Amino acid sequence: MFTIVKKFSRIFSSTESVLISRLAFTMSTTRGQILSGTDIAREIRENLKKDVEKLKCLLPDFKPGLAIVQVGGREDSNVYIRMKIKAASEIGIHSEHVKLPRNTTENQLLSKLEQLNNDPNIHGIIVQMPLDSENEINSHLITDSVSPEKDVDGLNTINEGKVAVGDLSAFIPCTPNGVIELAKRSGIKLAGAEAVVLGRSKIVGTPVSELLKWNHSTVTVCHSKTKDLKEKCQKADILVVAIGQPELVKGDWIKPGAVVIDCGINAIPDPSKKSGQRLVGDVQYEAAAKNASYITPVPGGVGPMTVAMLMKNTVQSAQKAAANLLKTSWNLRSLPLDIKRPVPSDIEIARAQEPKNITQLAQEIGLCPNEVSQYGTKKAKISLSVLNRLQSRKNGKYVVVVGITPTPLGEGKSTTLVGLVQALTAHKNLNAFATLRQPSQGPTFGIKGGAAGGGYSQVIPMEDFNLHLTGDIHAVSAANNLLAAQLDARMFHEATQDTKALYNRLVPTKRGTRKFSNIQLRRLQKLGINKTDPNTLTPEEEEKFARLNIDPNNVIWKRVVDINDRYLRRITVGQSPTEKGYTRETSFSISVASEIMAILALAKDMTDFKQRLSNMVVAFDKNGNPVTADDLGVTGALLVLLKESIEPTLMQTLEGSPVLVHAGPFANIAHGASSIIADKIGLKLVGEEGFVVTEAGFGSDIGMEKFFDIKCRASGEVPNVVVLVCTVRALKMHGGGPAVTPGATLKPEYYQENLELVQKGLCNLIKHISNGRKFGVPVVVSINRHETDTELELELVRKTALENGAFDAVISTHWSDGGSGCSKLADAVVKASKEQSKFEFLYALDMPIKSKISKIATEMYGAGNVSYSESVSQKIVNYEKQGFGTLPICMAKTSNSLTGNPNIKGAPTGFTLDIQDITVSVGAGFIIPISGEISTMPGLSTRPSIYDIDLDTETGVVEGLF
């Protein structure tokens, strides 16, 4: 010891040399000092308790979680488990004792571990050994099946391997870690010390030797084959004994002044003890203490340290999890664009870009593996559990992209949305999510095409996006049509059976037992029948329960299909002889027009989803009372069909930015926005400084107003910025330019400079800016540039927007340039988002229905008054009597004009808005006044895009999409 000090004191200051010399002298003269693991462990636990309290200050709902998995019920294991649970409780760790029976199989245990690995509330997992199972279980496989990130025992091969190569960032096995801590607490300098480890077990000896080595000790490992064991031990400055033989190491094996750490615990006979035995270590304690400077007792030495280090690992794991919750910046890898001129077709651009694997994207944006269900390698469903995990995280900024009154060609809202998110992420290094509606297959195979954006601002893979995606629309179609089938079947059965037979079939006896189902009990409660035994209902109660008495002439529920089919606009059902003449006229809608789709978009969680489904009014009875999906007994079945559809789908843009695609309510008769759930998930994932950019259907008069008054009212989210998209082309149309027709060549006015037409059409832009400002939200105008636009035209639009209340107005070229073409727009949005929110709804819900309609018509459209047919007025009276009067309004009118006439352009005022019909979507939660002819079933044109779509049978590549 003195030789070592003399050798190295040359490189220390004189003061340091004195301290080292004193330490060496102390170690050489001190004998038999107890190195108490109990005391040190107590100190460690107290510090850990403070660490947990600090976590709670940062995240009040957060608590470290430890799962202790036990197979069987060995009493010695129970003792250890109780000790760990007690220590965890004192520190503030939530411990879960997962006790499995002795007949547990290996697969069952692996399955349980997989569940715990994927549970974000569990930060540490230990499997209590030995496994007390009747079945053969590979313990090595089990320890390796614990996630390395939760392996607080440090026994996973990955963690062991990291220790072996000196990577001490992983979990260190608890007993070896405790041994090192004890050695350090003795005061001995590990660097340069001669260390001897007696024992080479995987659990203690081997990892202890590795840890000593990486602490710069010179290590000798001894085992059962080692010769001259005594002599080797006598050279040790630090002697660690973990060999499992009681009192093997004698006093004369110990070098004077050495530190002795005894990891053994053995029971030997002792008649003086009540139990007939006592515990001893692998070292003969009394004799060894005469030579050792410090020595650990048994018990009370290494044992308490093992538990303390287990707790330390668990808290460290929880701290990492908490840091991930608090850390909101993403490590997003952007995908570079290979910009070409002229700009190729959308499909060529999309195919030229290789998307990231969806699991990589999910990891980059902070999703846990258990929150991601892959559909191939390019898309995945996202679990709603992420909202629970991130509930304490503050929301990001909320941006909605809307448009002026568009031409039939569209002005590029979706493209702007995608380009803006690409700019925010890839070019401004901010967290940003795009949330988009899932497109219907109707437009895909019709004329309009897909909705993945365009040019260098697209969602990819575009074929997946525009076709089946993850099947949500098909699930909605199936659920919708199941409800329609049950509705018609119920009317048929009521018409063809007497009440007793009908009742007996509705509540049959099965295996000698007759009982109501849960949904039938809800109906009884609704009817005020407080009985649960089917045999106790009176004949009057049986009739009241069994007969819905649906009026065939007042059925409002339609079947749906996700294609354009004009011949389904009016049909007759029930023409088969088996239906006994009970026919009725009805029609089909396109699937996205189903109320179920609107409900999917407005539901906040699974419970809200189920409640809204149950409330759907499908018809009225012969007394004018509403009949709901719950009355038909179909709510639970609908939810089962739709259970996966409530999860949004994760995709990406051309530049690798994240996109959530979810729901696609028909903007003509519903609110036309993607789901609340997708927005909520995005707002949590981006964090307080990030952005979620979503889209409202059509112009501000329809889409934005519904977005604010329906969607934001339902979600409780407050928007920060409106991005208003306009084009010179649309303004020229509103200024009196020739008609714009899909498929037809544009007239010269649209590709030649014409400031007069632009000037005349600016009234439409001004009105839409005013609409946004009415809600108290800053409006940023994005002027989407076409290659034929001139600088004078663009500057005229920009200047006018600024003069009429726009927060900013910028020219965007994202279609041709990707995210870089939206860089200025991104800057404007970031700046606008810092403004103090003054958001307010347009109307109060307690206003009469007609007053709410009038408020929208006059303030959003510019109407002078609203007229109602007599039948509409009567329906409004009925709705208010039935309790629907406090629902928000979802106006159904043409998107091609601020008026109800699609041919009137510009921004007229003082006109009369005629309301020809009105209906209610109780489940979705809004009333739908209808102005003009609104079709919910588009038709195919003479030459739809189906002529161009094909599949290469050799390569599997889809051809002809856009």
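Cut-offs and rules
- Residues numbered from 1 in each chain as written.
- Predicted model: local features only at pLDDT ≥ 70, side-chain atom pairs only at ≥ 80, totals over all residues.
- Heavy atoms only, no water.
- Disulfide = S-S within 2.5 Å.
- Buried < 20%, exposed > 50% of the residue type's maximum accessible area, 1.4 Å probe, protein only.
- Helix = DSSP H or I, 4+ residues; strand = E, 2+ residues; numbered from the N terminus.
- Salt bridge = Lys/Arg side-chain N within 4 Å of Asp/Glu carboxyl O.
- Pairing = 2+ DSSP bridges.
- Axes fitted to C-alpha atoms, helices over the stretch in contact; angles between N-to-C directions.
- Phe/Tyr/Trp six-rings, centres within 6.5 Å; stacked < 30°, edge-to-face > 60°.
- Parallel < 35°, antiparallel > 145°, perpendicular 65-115°, else oblique.
- Left-handed = near helix turned anticlockwise from the far one by under 90°.
- Contact = heavy atoms within 4.5 Å.
- Nonpolar A, V, L, I, M, F, W, Y, C, P; charged D, E, K, R; others polar.
- Core = buried A, V, L, I, M, F, W, Y, C linked by side-chain atoms within 4.5 Å.
- Arc of directions from axis to C-beta.

This paragraph deals with the state of the cysteines. Within this structure, the stated rule accounts for zero disulfides. Cys-174 takes part in no disulfide bond, and the closest cysteine sulfur to it belongs to Cys-263, at a distance of 13 Å. Judged by relative accessible area, which is 4%, Cys-174 ranks as buried. Free of any disulfide, Cys-822 has its nearest cysteine sulfur in Cys-726, 13 Å distant. Given a relative accessible area of 0%, Cys-822 falls into the buried group.

Residue Val-298 is joined to Pro-299 through a cis peptide bond whose omega torsion reads -5°. On the secondary structure map, Pro-299 appears in the loop between strand S11 (294-295) and helix H12 (302-326). Positive phi, close to 50°, is recorded for Glu-247, a residue that is not glycine. Residues other than glycine seldom take positive phi values, yet Lys-580 does so here, at roughly 55°. Within the secondary structure, Lys-580 is located in the loop between strand S22 (571-573) and strand S23 (584-586).

Let us now look at the pattern of salt bridges. Pairs can form between side chains of opposite charge once their charged atoms are near each other. Summed over the entire model, instances satisfying the criterion amount to 47 salt bridges. Linking Asp-464 and Lys-379 is a salt bridge whose minimum nitrogen-to-oxygen distance equals 2.8 Å. Taken together, the residues Asp-464 in helix H18 (residues 462-466) and Lys-379 in the loop between strand S12 (372-374) and strand S13 (380-382) connect sequence positions 85 residues apart. Judged by relative accessible area, Asp-464 falls into the partly exposed class, the value being 24%. By relative accessible area, which is 11% here, Lys-379 ends up buried.

On the basis of which strands lie adjacent, the open sheet formed by three strands has the order S20-S25-S26 and antiparallel pairing. The open sheet has two edge strands, strand S20 (550-555) and strand S26 (626-628), and neither has a second partner. On average, adjacent strands in this sheet sit at an angle of 50° to one another, irrespective of strand direction. Pairing of S20 with strand S25 (residues 617-621) involves two bridges; the strand directions are antiparallel. From the neighbouring strand, Ile-550 faces S25, where its bridge partner is Asp-621.

Centre-to-centre distance and the angle between the planes together describe a pair of aromatic rings. What the rule picks out here adds up to 11 aromatic pairs. Plain terms: the ring middles of Tyr-503 and Phe-545 are 5.9 Å apart, the flat faces sit at 80° to each other, and that makes the pair edge-to-face. Note that Tyr-503 is positioned in helix H20 (residues 499-506) and Phe-545 in helix H22 (residues 539-546), a separation of 42 residues in sequence. On the basis of relative accessibility, which here comes to 3%, the residue Phe-545 falls in the buried class. Seen from their ring centres, Phe-708 and Phe-775 are 4.6 Å apart, and the 50° between their planes marks the pair as tilted. Here Phe-708 is found in helix H27 (residues 700-715), whereas its partner Phe-775 is found in the loop between helix H29 (755-774) and strand S31 (779-784), with 67 residues between them in sequence. Like Phe-775, Phe-708 is buried.

Turning next to the packing of helix H19 (residues 472-496) against helix H23 (residues 595-602). As a packed pair, H19 and H23 sit with axes 9 Å apart at the nearest point and diverge in direction by 125°. Taken together, H19 and H23 sit at an angle that is classed as oblique. Considering only the axes of H19 and H23, their crossing is right-handed. Mapping the contact onto sequence places Ile-473, Val-476, Ala-479 and Asn-480 in H19 and Ile-596, Met-597 and Leu-600 in H23. In the contact of H19 with H23, the residues fall into six nonpolar, one polar and no charged.

Glancing now at the side chain of Thr-407. On the secondary structure map, Thr-407 appears in the loop between strand S14 (397-403) and helix H16 (413-427). Judged by relative accessible area, which is 3%, Thr-407 ranks as buried. In this structure Thr-407 touches Arg-729, Ala-730, Met-733 and Val-740, once residues within four positions along its chain are discounted.

On to the nonpolar core, then. In globular proteins that are soluble, nonpolar side chains generally tend to be buried together. By size, the foremost hydrophobic cluster in this structure holds 135 residues, and its most contacted members are Leu-650, Phe-708, Leu-765 and Val-781. Element by element, the count of residues in this core is highest for H19, at eight residues. Core analysis: the second largest hydrophobic core is formed by 47 residues, Leu-66, Ala-87, Leu-182 and Val-208 among them.

Inspection of helix H32 (residues 823-833) places Leu-825, Ala-826, Ala-828, Val-829, Ala-832 and Ser-833 among the buried residues, and these make up the whole buried set. Each buried residue of H32 sits inside an arc of 165° when the element is viewed along its axis, so together they form one side. Summarising the geometry of H32, the exposed residues directed more than 90 degrees from the buried face are Lys-824 and Lys-831. Looking at the buried side of H32, the elements it contacts are S14, H16, strand S29 (691-699), strand S30 (721-726), S31 and strand S32 (808-812).

With that settled, the discussion passes to the environment of Ile-44. Within the element layout of this structure, Ile-44 appears in helix H3 (residues 37-58). Sequence separation of Ile-44 and Met-311 is 267 residues, and the distance between their C-alpha atoms is 9.0 Å. Once residues within four sequence positions are removed from consideration, Ile-44 is found in contact with Glu-181, Arg-185, Met-305, Ala-308 and Met-309.

Our focus in this paragraph is the sheet that holds strand S3 (residues 94-100). Ordered in space as S3-S2-S4, the three strands form an open sheet in which the pairing is parallel. At either margin of the open sheet sits one strand with a lone partner, and together these are S3 and strand S4 (124-127). For this sheet, the mean angle separating the axes of adjacent strands, direction not counted, is 15°. Pairing between strand S2 (residues 65-71) and S3: seven bridges, direction parallel. Each residue of the ladder has a partner; that of Val-69, found in S3, is Val-98.

This next bit is on the packing of helix H4 (residues 75-91) against H12. Put simply, H4 and H12 touch, their axes get as near as 10 Å, and they point 50° apart. Judged on the interaxial angle alone, H12 and H4 are oblique. When you trace H4 past H12, the crossing you get is right-handed. Contacts from Met-83, Lys-84, Ala-87, Ala-88 and Ile-91 in H4 reach Val-307, Leu-310, Met-311 and Val-315 in H12. For the contact of H4 with H12, the residue count by class is eight nonpolar, no polar and one charged.

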